[in-house]
Amino acid sequence: MTLGLLEVLVIEAHGLSGADFFDKIDPYVVVYYKGQERKTTIARGQGKNPRWNAQLRFSAEYPGSGNDYKLIFKVMDHDTFSSDDFLGQTLIYVDDLLAMGVEKGSYEMRTTKYRLEAANGTYCGDIKIGVKFSSKMIEGNDDDEEIGGWRNSDYE
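Described in the following lines is the structure provided in the data block. Everything numeric here is computed off the predicted structure, so don't read it as measured data. (Residues numbered from 1 in each chain as written. Predicted model: local features only at pLDDT ≥ 70, side-chain atom pairs only at ≥ 80, totals over all residues. Heavy atoms only, no water.)

**Remarks on the pairing of strand β1 (residues 2–14)**
The criterion, for reference: Burial classification: accessible surface area is computed with a 1.4 Å probe over protein chains only, and a residue below 20% of its type maximum counts as buried, one above 50% as exposed, and the rest as partly exposed. Each helix corresponds to a stretch of at least 4 residues labelled H or I by DSSP, and each strand to a stretch of at least 2 residues labelled E; elements are numbered beginning at the N terminus. The rule for pairing is simple: two strands pair if DSSP sees at least two bridges between them.
The buried count for β1 comes to ten of 13 residues, which makes it a mostly enclosed element. As paired strands, β1 and strand β4 (residues 51–62) are joined by ten bridges and run antiparallel to one another. Bridge pairing in β4 links V8 to L56. The pairing of β1 with strand β8 (residues 123–134) spans nine bridges and is classified as antiparallel. Each residue of the ladder has a partner; that of V8, found in β8, is V131.

**Points about helix α1 (residues 95–104)**
The cut-off we apply is this: It is the directions from the helix axis to the C-beta atoms whose arc is reported. Contacts between residues were defined by any pair of non-hydrogen atoms, one from each residue, lying within 4.5 Å.
Every buried residue of α1 is accounted for by L97, L98 and G101. Relative to the axis of α1, the buried residues are bounded by an arc of 95° and lie together on one face. For α1, the exposed residues lying more than 90 degrees away from the buried face are D96 and E103. Where α1 is buried, its residues touch β1, β2 (27–33), β4, β7 (106–117) and β8. A positive backbone phi angle near 95° is found at G105, which sits one or two residues after α1.

**With respect to the side chain of S134**
Along the chain, the position of S134 falls in strand β8. Those residues within four positions of S134 in sequence are excluded, and the remaining contacts are G4, L5, E7, G105 and S106.

**Describing the pairing of β7**
Note: β7 against β8, nine bridges, orientation antiparallel. Residue pairing in the sheet places E108 in a bridge with K132 of β8.

Put into structure tokens, the structure is as follows:
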């Protein structure tokens, strides 16, 4: 089993559908991987074509427990006076990426555009994402400690 870093670059989205009362949306992305959760900042005032350029980091092991080697991306609309609205989501399976990263020490999926699906399964926009796995040992990391953020990332 190899322990390493799974780095996710959430760049931008285009053509988001869904709107608030005043036809404005303040989108952000929540990314899930094997019980870990990270969020981008809120793209205030950027509407249906937001840009985040957010690098998020996850602890990853391969092979590890379970077979659910997938990243789940949920695009949400931040609301101040009510609960946030779900805009759309996409899944990326990363088992091949992890296997190649273990074999080569590091492996990267180039930035790619993925389709977002609304709750009813219809197309609701696109999101541009890049993913990299490096089989580096993470010293002194508790399961409770959060790894997320971009400042310490070496994602290119």
